[in-house]
Amino acid sequence: MSDRILVFYGSYRSDRLGIRLANYILRGLRWRGAAAELIDAKDVGLPMLDRMYKEYPKGGAPAALEVLAEKIRNADAFVFITGEYNWGPQPGLKNLTDHFLEEWFWRPAAIASYSAGRFSGVRSGTIWHGILSEMGMIVVSSTLAVGPIAQTLDVDASPIGDGGKALEQSFPRFADDLAWWTEAAREQRKRRAPPY
């Protein structure tokens with residue numbers, strides 16, 4: 001059975017370099033046999049959070065929320081691609097995740113951060129670890145941190161330079177860690193329902 005993995009990307013900027021990292025990870029996960037799908041917050045286009053998905057009457061949520069809720073419920077695992085805005089998470093990605101809660105529960109999540117500079121978005125990645133844990137996900141310990149993004153991945157999401165070499169060396173461990181927890185969580189849910 002292929003792992004069903006949703007890869008979330010949240011930049012709304014017109015010049016979005018982080019999409020290179022999202023595409024690199026998608027390609028890598030698919031090469032390993034996962035059924036990976038990109039969820040681009042900008043394309044989904046949710047409004048600023050007013051009402052969570054669960055706060056709508058059954059069947060009364062906007063279509064974009066219904067479609068995404070179903071995808072999240074059916075996924076085995078998640079990858080969050082996060083840039084860093086003023087030491088914090090991108091608002092587009094945070095807004096998308098906040099529309100849901102129970103849909104995330106009891107699945108692993110991995111974090112890949114990036115930035116235009118040498119800090120590689122690690123401050124945002126660290127913040128995301130706490131956010132995703134609070135939202136009921138098991139956050140794997142392996143992370144990716146890419147920066148400067150334009151000197152690590154080209155426009156086709158192919159590794160370049162020393163940063164690209166480092167990413168190629170780091171990705172297998174990242175993907176292995178996520179795959180292990182994905183299988184463990186899926187098998188445990190088959191054996192026993194989550195506590196709530």
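Residues numbered from 1 in each chain as written. Predicted model: local features only at pLDDT ≥ 70, side-chain atom pairs only at ≥ 80, totals over all residues. Heavy atoms only, no water.

1. Here's the deal with the environment of Ala110
Relative to the assigned elements, Ala110 resides in strand β4 (residues 108-114). When the C-alpha atoms of Ala110 and Leu178 are compared, they prove to be 6.6 Å apart, with 68 residues separating the residues in sequence. Ignoring anything within four residues of it in the chain, the contact list for Ala110 reads Phe78, Val79, Phe80, Val140, Phe174 and Leu178. (Helix = DSSP H or I, 4+ residues; strand = E, 2+ residues; numbered from the N terminus. Contact = heavy atoms within 4.5 Å.)

2. Thoughts on unusual backbone geometry
Note the cis peptide between Gly147 and Pro148, where omega equals -10 degrees. Mapped onto the fold, Pro148 is located in the loop between β5 (138-146) and α6 (161-191). Even without a glycine there, the phi angle at Asn86 is positive, about 50 degrees. In this model, Ser120 sits at a positive phi of 60 degrees, which is unusual for a non-glycine residue. Exposure remark for Ser120: the relative accessible area of 7% places this residue in the buried category. (Buried < 20%, exposed > 50% of the residue type's maximum accessible area, 1.4 Å probe, protein only.)

3. Looking at the pairing of strand β1 (residues 4-9)
In terms of burial, β1 is a largely internal element, five of the six residues being buried. Sheet analysis places β1 next to strand β2 (residues 35-40), joined by six bridges and oriented parallel. Its bridge partner being in β2, Phe8 is matched across the sheet by Ile39. Following the chain from β1 across helix α1 (residues 19-31) to the adjacent parallel β2, one finds a crossover that is right-handed. Pairing between β1 and strand β3 (residues 77-82): five bridges, direction parallel. Across the sheet, Phe8 pairs through a bridge with Phe80, a residue of β3. (Pairing = 2+ DSSP bridges. Right-handed = clockwise from strand over helix to strand, strands pointing away.)

4. So, the side chain of Thr152
With respect to the helices and strands, the residue Thr152 is situated in the loop between β5 and α6. Residue classification places Thr152 among the buried residues on the basis of a relative accessible area of 3%.

5. With respect to the packing of aromatic side chains
To describe a pair of aromatic rings, one takes the distance between the centres and the angle between the planes. The full count for this structure, using the stated rule, is 13 aromatic pairs. Seen from their ring centres, Phe8 and Trp104 are 5.4 Å apart, and the 65 degrees between their planes marks the pair as edge-to-face. Highlighted residues: Phe8 in strand β1 and Trp104 in the loop between α4 (91-98) and β4, separated in sequence by 96 residues. Taking the centre distance of 5.7 Å and the plane angle of 55 degrees together, the rings of Phe80 and Trp104 count as tilted. Separated by 24 residues along the polypeptide, Phe80 in strand β3 and Trp104 in the loop between α4 and β4 bring together distant segments of the chain. Like Phe80, the residue Trp104 is buried in the burial classification. The rings of Phe8, Tyr53, Phe78, Phe80, Phe100, Trp104 and Trp128 are connected pair by pair, giving a single aromatic cluster. (Phe/Tyr/Trp six-rings, centres within 6.5 Å; stacked < 30°, edge-to-face > 60°.)

6. Re the pairing of β5
Examined bridge by bridge, β4 and β5 share six bridges and lie parallel to one another. Looking across to β5, one finds that Ala112 is bridged to Leu144. Of the crossover connections in this fold, the one passing from β4 over helix α5 (residues 122-134) to the parallel β5 is right-handed.

7. Section: the nonpolar core
Leu21, Ile25, Leu29, Val79 and Ile81 are the most contacted members of the largest nonpolar core, which has 29 residues in total. Looking at this core, the elements that each hand over two or more residues are β1, α1, β3, β4, β5 and α6. Per element, the largest residue contribution to this core is seven residues, and it comes from α1. When residues no more than four places from it in sequence are discounted, the contact partners of Leu21 are Ile81, Ala112, Ser113, Tyr114, Val146, Ile149, Leu153 and Leu167. Core analysis: the next-biggest nonpolar cluster, separate from the first, contains 26 residues, Phe8, Leu68, Leu93 and Trp104 among them. (Core = buried A, V, L, I, M, F, W, Y, C linked by side-chain atoms within 4.5 Å.)

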